Structure formats: structure tokens, C-alpha cells
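Here is what each chain is made of, one letter per residue.
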Amino acid sequence: MSDLHTHRYAVELAWTGNRGEGTRDYRAYGRDHVLRIDGKPELAASADRTFRGDRSRHNPEDLLVAALSSCHMLSYLHMAATAGVVVVAYADRAEGVMRTEGNGGRFVEVVLHPQVTIAAGSDAERAQALHEDAHHACFIANSVNFPVRCEPRIDAASS
């Protein structure tokens, strides 16, 4: 059987938060770490500030919301290109809601707010509808167990 439809992604993680005492105490260690993906720039990461992390670094929660936003955009642009809708600009302001409980927590929702500008003459209704198609095609949205909603705005570029 062919393995053509299986894709693998490798990430190396190195904890850099040992302040000389390891995890002797909850407050004694840093949450800083580095994410490495072959052939790409290192990504400085930490925990969210709420969990004693460095707010200047990316945290897993930010990265999850970013992955959903990015995946939706890439799926949407593909759908637009194949449908003949010419997108000339795309921006998103994605928001995730996570709730903590006991020693854990979970995301309960992510809302995407894409703002799409289409070329004059492109079908705005079709551009709007393509967001639903993109949502169903998004690999990351299909992999999470919480709702991912999309509240797009479509603008037409002036001719």
C-alpha cells in the first residue's frame, strides 16, 4: 500500500529554562524553550505569562490559534483560486478562548475574523461562501475537538 497521503512533521524542542536548580521548585525554573524545524529559523517559545512564562516569546496557545488562522487562510486562498475569485488582500484577527480547570485546561473556541479584499468584478457572495469550504478543508481545524468559527468580512477593491 502506498504512503503517498501520509505527511510527517518533525519539531525539535530544547528546554532552555534551567536557572541552575532545575525543577527543584515550581518558581525556580524558566519556561523558556526553543523550537527547531529543519531548514527554518528557530522559534523562541515559553509558557503564557499567566503560567510564569516570558511574554516576549511565543507560547503554545498562541501557536495553536496561529496555526488555525494560517491553515484557514491557505485553504481559503486555494478555494478562491480554483473558484475564480481573485483575492488581493487577506488579514485575520483570530481569538482563542481557553479555560483552565484543576491542573489542566482546554480550548473551548477559536473565532477567526478574516478581512478579505477581492478584485473588482469578483463575486463577493462566492467569496463569502468559500470560507465554509475552506473551514472544512483546513487540516488543523479538522484536528481539534473544539469549535472553530469564522466571521469573515469581504471588501471589493476599487477599480
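Asker: Outline the overall build of the protein, listing residues and values.
Answerer: Looking only at helices and strands, the protein features two helices and nine strands. Ordered by position from N to C terminus, the α and β elements of the protein give β-β-β-α-β-β-β-β-α-β-β. The globule rule puts the C-alpha radius of gyration for 159 residues at 15 Å, and the 20 Å found for the protein is more than 25% above it. With respect to the principal axes defined by its C-alpha atoms, the protein has extents near 65 × 40 × 30 Å. Across the 159 residues that make up the protein, the buried fraction comes to 29%. Residue pairs at least 24 apart in sequence account for 53% of intrachain contacts in the protein once pairs closer than 6 positions are excluded. Carbon together with sulfur atoms contributes 50% to the accessible area of the protein, which is approximately 10,700 Å² in total.

Asker: Describe the environment of Pro147, with residues and values.
Answerer: Counting through the fold element by element, Pro147 comes out in the loop between helix 2 (124-137) and strand 8 (148-150). Classification of Pro147 as partly exposed rests on a relative accessible area of 44%. As for Pro147 and Ser56, which are separated by 91 residues in sequence, their C-alpha atoms are 28 Å apart. Beyond its immediate stretch of four places on either side in the chain, Pro147 contacts Val108, Glu109 and Val110.

How each quantity is defined
- Residues numbered from 1 in each chain as written.
- Predicted model: local features only at pLDDT ≥ 70, side-chain atom pairs only at ≥ 80, totals over all residues.
- Heavy atoms only, no water.
- Helix = DSSP H or I, 4+ residues; strand = E, 2+ residues; numbered from the N terminus.
- Rg over C-alpha atoms; globule rule 2.2 N^0.38 Å.
- Buried < 20%, exposed > 50% of the residue type's maximum accessible area, 1.4 Å probe, protein only.
- Contact = heavy atoms within 4.5 Å.
- Areas by Shrake-Rupley, 256 points an atom, 1.4 Å probe, with all protein chains shown as cover.

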